[in-house]
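Observations on chain architecture
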Amino acid sequence: MPAGDSFFIATPIFYVNDVPHIGHAYTEVAADVLARWHRQRGDDAWLLTGTDEHGQKILRTATSHGVTPQEWADKLVTESWKPLLKTVDIANDDFIRTTDARHEAGVQKFLQKLYDDGFIYQGEFEGFYCVGCEEYKQPSDLVPGTGAYEGEQVCAIHSIPVEVLQESNYFFRMSDFEQRLLDLYEAQPDFVQPDSVRNEVVSFVKQGLRDLSISRQSFDWGVKVPWDEKHVVYVWFDALLNYVTAIGYGVDDDEFRRRWPAVQLVGKDIVRFHAVIWPAMLMAAGLPVPKNVFGHGWLLVGGEKMSKSKLTGIAPQQITDVFGADAFRYYFMRAITFGQDGNFSWEDIAARYQAELANGFGNLASRVVAMITRYFDGTVPVAGDLTEADLAVRETELRVTAEADAAIDRFAINEALASIWQLVDQLNGYITEQEPWAIAKDSSQRERLATVLATALRGLGTLTVLLSPFIPTATHTLWQSIGQGELTSQPVDRAAEWSSAPEVQPLAAGLFPRIEQPEPAA
Ligand SMILES: [Zn+2]
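Residues numbered from 1 in each chain as written. Predicted model: local features only at pLDDT ≥ 70, side-chain atom pairs only at ≥ 80, totals over all residues. Heavy atoms only, no water.

**Here's the deal with the overall build of the protein**
- Helix and strand content of the protein: 18 helices and 18 strands.
- Taken against the 2.2 N^0.38 rule, which gives 24 Å for 522 residues, the C-alpha radius of gyration of the protein at 26 Å falls within 12% of a compact globule.
- With the C-alpha coordinates of the protein rotated into their principal frame, the extents come out at 90 × 50 × 40 Å.
- Taken across its 522 residues, the protein has 57% of its residues classed as buried.
- Counting only carbon and sulfur atoms, one obtains 49% of the accessible surface of the protein, whose full area is about 21,500 Å². (Helix = DSSP H or I, 4+ residues; strand = E, 2+ residues; numbered from the N terminus. Rg over C-alpha atoms; globule rule 2.2 N^0.38 Å. Buried < 20%, exposed > 50% of the residue type's maximum accessible area, 1.4 Å probe, protein only. Areas by Shrake-Rupley, 256 points an atom, 1.4 Å probe, with all protein chains shown as cover.)

**Description of the pattern of salt bridges**
- Within the structure shown, the criterion is met by 28 salt bridges.
- With a shortest N-O distance of 3.0 Å, R39 and D93 are connected by a salt bridge. One end of the pair, R39, is in helix 1 (residues 22-40); the other, D93, is in the loop between helix 3 (69-87) and strand 4 (94-97), with 54 residues separating them in the sequence.
- Residue class for D93 comes out partly exposed when judged on its relative accessible area of 31%.
- For D405, the salt bridge identified is with R41, shortest N-O distance 2.8 Å. Pair noted here: D405 is in helix 14 (residues 388-409) and R41 is in the loop between helix 1 and strand 3 (44-52), with a separation of 364 residues, a long-range link.
- A relative accessible area of 16% places D405 in the buried class.
- A relative accessible area of 5% places R41 in the buried class.
- One connected set of salt bridges, linked through shared partners, spans D32, R36, D89 and R329. (Salt bridge = Lys/Arg side-chain N within 4 Å of Asp/Glu carboxyl O.)

**Quick word on helix 10 (residues 271-284)**
- Between the first and last C-alpha of helix 10 there are 19 Å, a value that for 14 residues agrees with the 20 Å anticipated at 1.5 Å per step.
- Considering bend angle alone, the principal kink of helix 10 is centred on W278 and spans about 30 degrees; proline P279 follows within four residues of it.
- Burial of helix 10 is extensive: 13 of the 14 residues sit out of reach of the surface.
- Trailing helix 10 by a residue or two, G286 shows a phi angle of about 75 degrees, which is positive. (Expected span 1.5 Å × (residues − 1). Bend = angle between axes of the 7 residues up to and from the residue.)

**Some thoughts on the coordination of the zinc ion**
- Binding of the zinc ion to the protein goes through C130 (SG), C133 (SG), C155 (SG) and H158 (ND1), at separations of 2.1 to 2.3 Å.
- Taken together, the four donor atoms coordinating the zinc ion span angles of 95 to 116 degrees at the metal, a pattern that classifies the geometry as tetrahedral.
- The sequence pattern describing where the donors of the zinc ion fall on their chain is C-x2-C-x21-C-x2-H. Here the two residues C155 and H158 agree in accessibility, since each one is buried. (Donors = N, O, S within 2.8 Å, 3.2 Å for Na, K, Ca; no water. Tetrahedral: all angles 85-135°; square planar, octahedral: opposite > 155°, others 65-115°.)

**Notes on helix 11 (residues 316-323)**
- Turning to helix 11, its buried residues are P316, I319, T320, V322 and F323. Buried residues in helix 11, looked at end-on, bunch into an arc of 165 degrees, giving them a common side.
- Those residues of helix 11 that are buried are in contact with helix 1, helix 3, helix 12 (325-335), strand 18 (342-344) and helix 13 (346-376). (Arc of directions from axis to C-beta. Contact = heavy atoms within 4.5 Å.)

In short, shape yes, function no, at least from these values alone.
Following this line, the structure appears as structure tokens:
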């Protein structure tokens, strides 16, 4: 992808039924790292996130708290969801709420177009409905209940009984799109990623698609169907449209053409909505499908899925209070292969914090800046003749930059960090071998000392540029000490071309200070 391209990336919008857990923060951070990388490469990047606020479940939760659903949504957005973005340092360009007027108007416009074009009809429907999933379930999606629900059939995801609903609904002719979807997966093999998720989607569609019930009459918390206001739009149909209503669908054609189509990151449990229903809706409306739908894995804690419905959630702030936002971002992007499930543990994050961030990168930065301050009074030294070891550092800077850039294009975020970390390790090894503190004792080796510290500083600056999408706070601090201009305007795909300030400024404190207590008090 050449620099300057449009790169619109969207997270799923999060259901305001509950408060955020680390699974939500994980999706946000991944999308933010990708957006920051592209932005810093010169692409026209745009990161969208937001909240999903309609549906029967929200209505019930609000009622049980004695407030209106709008009050409930406002409270959760203000007190929980927007603060989450601050907690993990997300630089989103927009935040859409499905109760925004711009969204509701866009949903109605989209729906009316599909109705006028004959993709929507009225029919009778009866089925098993899970209010947790906000969808009708096939009998094969149900499992025998346990405990209080012994003897009943329950939703396999939520472990709660399903309801038998019967209503006159509007239906979307999704079955018309079965073959076109299969053709899409065939023609564009990277449309759904990773492969494991793609295979699941393909075999699901091959079993045959049924038309989708897209309206409800039994409650009224939703967008009204424009030609029949007794109905509200099915919450998923409503929610999926946020990706286009946020960028001017039906209102601002220039903005829409500039941004669409999107790269979409979703948890693998909601891939079917994004890789089957959503592209079918877009095809019906005559719009391009997303560039990619990437289904990432689940976070496991003690082997159990983090979920909004089971109470195993850890609040992101519990982790950032101890380690900081940078460490949160680094840990989840590094320790988990993006696309696969990954296990979180306090021991693991504490160990990586100490070994990789504090001792690996932080200590490297402190040593290089301190030695230039001590031996050259802070003036950045000029390199003389280069040895093989010096040249090897330069080669690694260029190689890992190219590798990381290519990995980001493949959504292999953890591989990008692993490549960049080769430079951290090489620079630490280089300093240990070159022993600048020993060279400094011999005044006849002044030029060699300058070359070693100039080489180390060049490598450190390249690292600062490469790491800024991942750990924006620490790299910003370090850049204040060694760099020139704005860190975020340094082209990340040409990181080695950064220019240093004429003098380095001492670092006031370590970039990653020692953690006294690696777990929160119980
Ligand atoms: Zn369910």
